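Residue-level structural notes
Listed below, chain by chain, are the residues.
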Amino acid sequence: MTTVLTLIDHPDGAVARTSRETLTLARQLAEQADQPLHAVALAPVADEVVKELGELGASVVHSIEHPSLDADAAAPAVAEVLRQLMEQLAPSAVLGPASDRGAAVLAHLAARTDLPLAANCTAITPVETGWELTRVRWGGVLYEDAHLDAPTALLTVAPHQVAAAPATMPATVERRVHAPVLDDDLHVTRIVDREELSSGVSLATAPVVFAGGRGMGNAEGFAILEELAGLLGGAVGCSRVATNAGWRSHNDQVGQTGTRVAPDLYVACGISGATQHWVGCMHAKRILAINTDPEAPMVTRADDAVVGDVHDFLPALVEEIRTRQG
Amino acid sequence: MRILVCVKRVPSPGAKITLTEDGSRIDTRHLGFTISPHEECAVEEAVQLAAAHGGSATVLTLGPASAEEQLRNAIAMGIDHGVLLPIDEDEWDPRAVASAITDAIHTLEAEDGAFDLLLFGNESADAGNFQVGVRVATALGRAIVDGVKGVEVVDGTVRVRRSVPDGFTVHALPVPAVLAVKEGLNLPRYPAMRGRLTAKKATIRQLPPTPRTGGLRTLRLRAPQQEQTPTRILGSGAQAAPAAADILEEVGLL
Ligand SMILES: Cc1cc2nc3c(=O)[nH]c(=O)nc-3n(C[C@H](O)[C@H](O)[C@H](O)COP(=O)(O)OP(=O)(O)OC[C@H]3O[C@@H](n4cnc5c(N)ncnc54)[C@H](O)[C@@H]3O)c2cc1C
Ligand SMILES: Nc1ncnc2c1ncn2[C@@H]1O[C@H](COP(=O)(O)O)[C@@H](O)[C@H]1O
């Protein structure tokens, strides 16, 4: 019987959230096709991870043991391992999370097997002539329904679109060790060094983001956003106009080609709310827009808005916060 | 140093994406066209590297005849040559695109020698397939790193920085190499008048690709349901500050 094979990430001894989401979609596919669900993980695989995989419905975990397949592993090497497993197991589908590593590994697997690959999927169903699937386009503002014609379905699963859920019947997991033989060439792009970003509140995980756009006027205009972020333990974000003007570093950019954020509160200051910016902040729990234009898309989509000049409102907000903080 | 950059013509939607009636594509009647910001950085990097190391840069696209506009924009930024792989549709499946680009590279390299660097965007703006660069690199047997935000070429080695959530990882590849780059790599220049004049007159090389099927076929596009709750207006200036501070309290920040 063939299988559904799923690549998972398990940093810090737990299955990553995007991998749990991927396993949930993979399990639905396996159930529809009446096939067992297998997981693939780089060694060492903690007992806790194996247990979690069982709860998510995996009956086999392939633990990949190779000296070069560590945290610095090159994507083609991991892809080659998946290719070898595909030869052995003839899976009907291979899935991975659309994480940085997952996206790269699946692309290399698709290239090495010359199979089609559907990136950032949210749903998939087998049909007579292959599969029908849904994927996100434009960084998340559009869905595409597509038909996949392939001997084996390869896909990555879009983050935070499938709700991770345990299986109704947890499986007993069999751990299989796989020690692949890999060509030296496969490791050429291995990590040779790392540079940590200076610590501080990171944009991606800050509880509140004060983001500025063209309406901030210039680089100096962002000082007040720094002050607000400092007062509340938040981070400063910006639109692409601010990055392109050289007012802010690209590390601060929110949006399709910047960072996706999901804070408790997103404060959009002088940002119009173009689709490519919106996809970066739409998962915020609450959005407050400050804009002179009441018709700006950011204002009409926000929960709350101040229709006025950022230069009038923001200093008053700083004062109000200082008063309340005592 | 010989460099090739691959770009894709995409519509440039504003605050809302409108679809055609049958839902098969974006309604582009009132839209301009552009390339992904990642690809703009790839173009800028190619211009800078060719200037720093000597050599030439070529821009290539597979798309409708109108995609010449994107090639000319790249030439206006300082790219030397433009190559169009003309197709009748708006886009092809990524596997078909990659194989057509690979063929074109074989043709171009047979004439003038190998490209030291092939530059791609990390993902196209519209389709976001995350794969064309990897497929081309694999077909040519060259190493590729994606998510690239820093490039340095020293003595035949390309040292790149790849952005990861907590910083950067560093990789060292032999030339010829392939890179899929991300916005933030550099600050793309605004084309100068002279560049735009050169671009207007430049000859675009046409290399019609052989049609092929890829395996992934769009059935329809859909905009996700968005519940629109009315926006609460707090005020128009300084006097809105207390109401905004109340929100900070409600979400537990104060
Ligand atoms: C493929 C692609 C990817 C992109 N990726 C991104 C991305 O990742 N992130 C991103 O941000 N953009 C991205 N963009 C660009 C995006 O389309 C917009 O151009 C950009 O977001 C606009 O930035 P902005 O809102 O600051 O500027 P504008 O659209 O010019 O808006 C400025 C706003 O400020 C208001 N304003 C002006 N003065 C004041 C004042 N004194 N007080 C209050 N309000 C004021 C105006 O009313 C207006 O609404 C991308 C574009 C493309 C084509
Ligand atoms: N039609 C095309 N013509 C030229 N280059 C392309 C085309 N489609 C994709 N690319 C390149 O491949 C990269 C990745 O695209 P994708 O795999 O579609 O996400 C893009 O950023 C471009 O550099």
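Note that the coordinates shown come from a computational prediction; the quantities given were computed from them, not determined experimentally. (Residues numbered from 1 in each chain as written. Chains lettered and ligands numbered in written order. Predicted model: local features only at pLDDT ≥ 70, side-chain atom pairs only at ≥ 80, totals over all residues. Heavy atoms only, no water.)

Description of the packing of aromatic side chains
One pass over the structure, following the stated rule, counts one aromatic pair over all chains. Taking the ring centre of Trp278 of chain A as reference, the NZ or CZ of Arg301 of chain A above it sits at 4.9 Å. The aromatic ring of Phe33 of chain B is capped on one face by Arg9 of chain B, whose charged end is 3.8 Å from the ring centroid. (Phe/Tyr/Trp six-rings, centres within 6.5 Å; stacked < 30°, edge-to-face > 60°. Lys NZ or Arg CZ within 6 Å of the ring centre and 35° of its normal.)

Section: the nonpolar core
Formed by 57 residues in total, the largest nonpolar core has its most connected members in Leu69 and Leu154 of chain A together with Leu60, Leu85, Ile101, Leu118 and Val136 of chain B. For this core, the leading source of residues is helix H3 (residues 75–89) of chain A, giving nine residues. When sequence neighbours within four positions are dropped, the list of residues in contact with Val136 of chain B reads Ala98, Ile101, Thr102, Ile105, Leu118 and Phe120 of chain B. Judged by nonpolar contacts, the second largest core, of 39 residues, contains Ile35, Ala67, Val151 and Val160 of chain B. (Core = buried A, V, L, I, M, F, W, Y, C linked by side-chain atoms within 4.5 Å. Buried < 20%, exposed > 50% of the residue type's maximum accessible area, 1.4 Å probe, protein only. Helix = DSSP H or I, 4+ residues; strand = E, 2+ residues; numbered from the N terminus. Contact = heavy atoms within 4.5 Å.)

As for the sheet that holds strand S4 (residues 56–63) of chain B
The sheet built from ten strands is open, its strands ordered S10(A)-S9(B)-S8(B)-S7(B)-S10(B)-S6(B)-S1(B)-S4(B)-S5(B)-S11(B) with mixed pairing. Pairing within the sheet leaves two strands with one partner each, and these edge strands are strand S10 (193–196) of chain A together with strand S11 (204–206) of chain B. Going across the sheet, the axis of each strand differs from the next one's by a mean of 30 degrees, ignoring polarity. Note that strand S6 (residues 117–121) of chain B and strand S10 (residues 177–181) of chain B share five bridges and pair parallel. Across the sheet, Phe120 of chain B pairs through a bridge with Ala180 of chain B, a residue of S10 of chain B. (Pairing = 2+ DSSP bridges. Axes fitted to C-alpha atoms, helices over the stretch in contact; angles between N-to-C directions.)

Describing the sheet that holds strand S12 (residues 216–222) of chain B
Ordered by their spatial adjacency, ten strands build an open sheet running S9(A)-S3(A)-S2(A)-S1(A)-S4(A)-S8(A)-S5(A)-S6(A)-S7(A)-S12(B), and the pairing between neighbours is mixed. Strands with a single pairing partner mark the edges of an open sheet, and in this sheet they are strand S9 (174–178) of chain A together with S12 of chain B. Neighbouring strand axes in the sheet, compared pairwise and without regard to direction, differ in orientation by 30 degrees on average. As paired elements, strand S1 (residues 4–7) of chain A and strand S2 (residues 37–42) of chain A share four bridges and run parallel to each other. Within S2 of chain A, the residue paired with Leu5 of chain A across the bridge is His38 of chain A.

Considering the pattern of salt bridges
Between side chains of opposite charge, pairing is possible as soon as their charged atoms come close. Counted under the stated rule, the structure contains 42 salt bridges over all chains. The shortest N-O distance in the salt bridge between Arg175 of chain A and Asp47 of chain A comes to 2.9 Å. A residue pair is termed long-range when its members are at least 10 positions apart, and Arg175 of chain A in strand S9 and Asp47 of chain A in helix H2 (residues 47–55) qualify at 128 residues. The class of Asp47 of chain A is exposed, set by a relative accessible area of 62%. One connected set of salt bridges, linked through shared partners, spans Arg135, Arg137 and Glu144 of chain A together with Lys8, Glu91 and Asp126 of chain B. (Salt bridge = Lys/Arg side-chain N within 4 Å of Asp/Glu carboxyl O.)

Considering the site of ligand 1
Around ligand 1 lies a shell of 29 residues, among which Arg214, Ser239, Ser272, Gln276 and Asn291 of chain A are the nearest. Looking at the residues close to ligand 1, they fall on chains A and B. Thr257 of chain A has a polar backbone atom sitting 2.9 Å from an oxygen atom of ligand 1. With respect to ligand 1, the side chain of Asn291 of chain A contributes an N or O atom lying 2.7 Å from an oxygen atom. (Near = heavy atom within 4 Å. Polar contact = N/O pair within 3.5 Å; in protein donor to acceptor, adjacent residues only side chain to side chain.)

Let's talk about the confidence of the model for chain B
A residue-level look at chain B finds 100% of positions with pLDDT of 70 or above and a mean pLDDT of 95. Of the two predicted TM-score estimates for the complex, the pTM is 0.96 and the ipTM is 0.96. (pLDDT = per-residue confidence, 0-100.)

Here we look at the domain arrangement of chain A
Residues and elements named next belong to chain A. Structurally, chain A comprises domain 1 (4–187) and domain 2 (208–325). Its C-alpha centre places domain 1 at a distance of 37 Å from the equivalent point of domain 2. Between domain 1 and domain 2, the residue contacts involve four residues of the former and six residues of the latter. Roughly 420 Å² of surface becomes buried between domain 1 and domain 2 when both sides are summed, with 61% attributable to carbon and sulfur atoms. A per-residue breakdown of the area domain 1 buries against domain 2 is headed by Trp138, Gly139 and Val141, which together make up 83% of the total. Summed over the shared surface of domain 1 and domain 2, the result is zero salt bridges. Scanning the region where domain 1 abuts domain 2 turns up one residue pair in polar contact (both at pLDDT 80 or more). Classifying every residue of the side of domain 1 that touches domain 2 gives two nonpolar, two polar and no charged. (Domains from an automatic or database assignment. Buried area = accessible area lost by both parts, 1.4 Å probe. Nonpolar A, V, L, I, M, F, W, Y, C, P; charged D, E, K, R; others polar.)

What to know about helix H6 (residues 241–250) of chain B
Turning to H6 of chain B, its buried residues are Ala241, Ala244, Ala245, Ile247 and Leu248 of chain B. For H6 of chain B, the angular spread of the buried residues around the axis is 150 degrees, confining them to a single face. Elements that come into contact with the buried residues of H6 of chain B comprise helix H5 (223–232), strand S13 (265–269), strand S14 (287–291), strand S15 (304–307) and helix H9 (310–325) of chain A together with strand S13 (232–235) of chain B. (Arc of directions from axis to C-beta.)

Some remarks on the interface of chain A and chain B
If you look at the interface, chain A gives 82 residues, while chain B gives 83 residues. Carbon and sulfur atoms supply 55% of the area that chain A and chain B bury against each other, a total of about 6,800 Å² over both sides. Taken together, the connections running from chain A to chain B amount to 43 residue pairs in polar contact (both at pLDDT 80 or more). Of the residues contributing to the side of chain A that touches chain B, the split by class is 39 nonpolar, 19 polar and 24 charged. Looking at chain direction, strand S7 (residues 142–148) of chain A and S12 of chain B are connected through six bridges and run antiparallel.

Topic: the site of ligand 2
Residues and elements named next belong to chain B. Neighbouring residues of ligand 2: 18 residues in total, closest Cys6, Glu39, Leu62, Gly121 and Ser124. Contact distances for ligand 2 include 2.6 Å between an oxygen atom and a side-chain N or O atom of Glu39. Between ligand 2 and the protein, one listed contact pairs an oxygen atom with a backbone N or O atom of Gly121 at 2.9 Å. Look at ligand 2: alone it shows 480 Å² of surface, and the protein chains cover 98% of it. Sorting the residues of the shell around ligand 2 by element identifies S4, helix H3 (94–112) and S6 as the ones contributing at least two each. Counted by class, the shell around ligand 2 contains nine nonpolar, six polar and three charged residues. (Areas by Shrake-Rupley, 256 points an atom, 1.4 Å probe, with all protein chains shown as cover.)

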